Amino acid sequence: MAKKLKDTDYLFISTYLHSRERDLLTGARMERMIEVPTAEEAAKVLTEIGYGEFNTASPRELGSILAQEQEKLFADLYRFVPDKAVVDVFKVKYDYHNLKALLKARATGTDAPDRLLLDAGRVSAQEMRRAVWEGDYSVLPPALRAAAEEASEMLSATGDPQLADFQLDRAYYEEMLSAAGNTGSEFLVRYVRATIDAANLRSAVRTLRMKKGADMLRRVLVPGGAIGADSVQTAALNGNLEELYRSTSLRQAAELGTAAAAGGSLTAFEKACDDAVAAVAASARSVPFGVESVISYLAAKENEFTAVRIIMSGRMAGISGDTIRERLREAYV
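Conventions used here
- Residues numbered from 1 in each chain as written.
- Predicted model: local features only at pLDDT ≥ 70, side-chain atom pairs only at ≥ 80, totals over all residues.
- Heavy atoms only, no water.
- Helix = DSSP H or I, 4+ residues; strand = E, 2+ residues; numbered from the N terminus.
- Contact = heavy atoms within 4.5 Å.
- 1 Å grid on protein atoms, 1.4 Å probe; cavity = no way out; pocket = protein on both sides within 12 Å on 5 of 7 lines; lining within 4 Å.
- Points joined across faces, edges and corners; volume = space filled by probe spheres on them.
- Nonpolar A, V, L, I, M, F, W, Y, C, P; charged D, E, K, R; others polar.
- Buried < 20%, exposed > 50% of the residue type's maximum accessible area, 1.4 Å probe, protein only.
- Salt bridge = Lys/Arg side-chain N within 4 Å of Asp/Glu carboxyl O.

Help me out: how do you make sense of the environment of leucine 140 in this one?
Along the chain, the position of leucine 140 falls in the loop between helix H6 (125–134) and helix H7 (142–158). Note: C-alpha distance between leucine 140 and arginine 122 (18 residues apart in sequence) is 8.8 Å. If we skip the residues at most four places from it in the chain, leucine 140 touches Val123, Met128, Ala131, Arg145 and Ala148.

Just checking my understanding: could you explain empty space enclosed by the protein for this structure?
Where empty space is left becomes clear once a probe the size of a water molecule has been rolled over the atoms. One pass over the full model with this rule turns up two cavities of 30 Å³ or more. There is about 30 Å³ of room inside the second largest cavity. Looking at the second largest cavity, the residues that line it are Lys100, Leu103, Lys104, Leu155, Pro161, Ala164, Asp165 and Leu168. Breaking the lining of the second largest cavity down by element, the ones donating at least two residues are helix H5 (84–108) and helix H8 (161–183). Ranked by residue count, the leading element in the lining of the second largest cavity is H8, at four residues. Counted by class, the lining of the second largest cavity contains five nonpolar, no polar and three charged residues.

What is the right way to look at unusual backbone geometry in this model?
Glycine aside, negative phi is the norm for most residues, and most peptide bonds take the trans geometry. One non-glycine residue, lysine 211, lies in the positive phi region at around 60°. Judged by its relative accessible area of 74%, lysine 211 falls in the exposed class.

Where do I start with the pattern of salt bridges in this structure?
Side chains that carry opposite charge are capable of pairing whenever their charged atoms lie near each other. Taken as a whole, this structure holds 21 salt bridges when the rule is applied. A salt bridge links aspartate 76 to arginine 20, with the nearest nitrogen and oxygen atoms 2.7 Å apart. Placement of aspartate 76 in helix H4 (residues 59–80) and of arginine 20 in helix H1 (residues 11–20) is noted, with a sequence separation of 56 residues between them. When salt bridges with common partners are traced through the structure, they connect Glu31, Glu35, Asp322 and Arg325 into a single cluster.

Here it is as structure tokens:
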């Protein structure tokens, strides 16, 4: 039986990560990136906090830099974190992202471009490519292997990538929640449940916006959140999403979601969903040491990568500063 870890086992990594927080992309730095005259000057703000240089005329290079930073983050934490399974909870989504892209490519007889694959999962992008192309999923972790086999069979039987996506989304959240539970961290479980709650609210609003009904909701909603999938479905069909989420951190998101479901803008709604999940992670900032420090830092970096993509893509495309600000999530610091 594995030794149960104590908060003090995280003393070094917590101190290390707290020292690294000064190099996070703060709200003030985001504003500088938006305000400076050119995309090149915006990129210089990133180099000041450790990002590599890239050609701001190339969206592909932006994607490559972000992928490299993600890989560096995981490799760095793997060196010091007492329980690597905590980091793996955050790596799970990249496995499923790559699996989706490759299964769709195989189903359509094309090859998934390397730029669509992210080498930040538990399984390398190259190993995943080989597994999908050869139809041999034995190298994948058990839950991922089962999901890959089921999705592959579904694609072969139906030819419908959307059905395979629904199945893989369900498997992804199930595995992430199970992996979080296996770490013994109640905080990580709470964070993952918040992620599932936000995903279900998004799915409900999008389904209503498309004027789809109960059958679609049953397909897209996933179990495991603090609010049950059945409750979300009932509230969505009865027009009671605001009431369902009124006493939760997703209250504002649900209010904005009601407007979005009726045809309003999705931007503010999506932002409110992400901010609610980020607030759960940020609630651990005051914890001096413990697994919470690792979880909150990982979540902060995930949000940072999203912010970098939004700002730099906007600057490169000549989008106005106000429009970029509307899309940005709350900064961790």
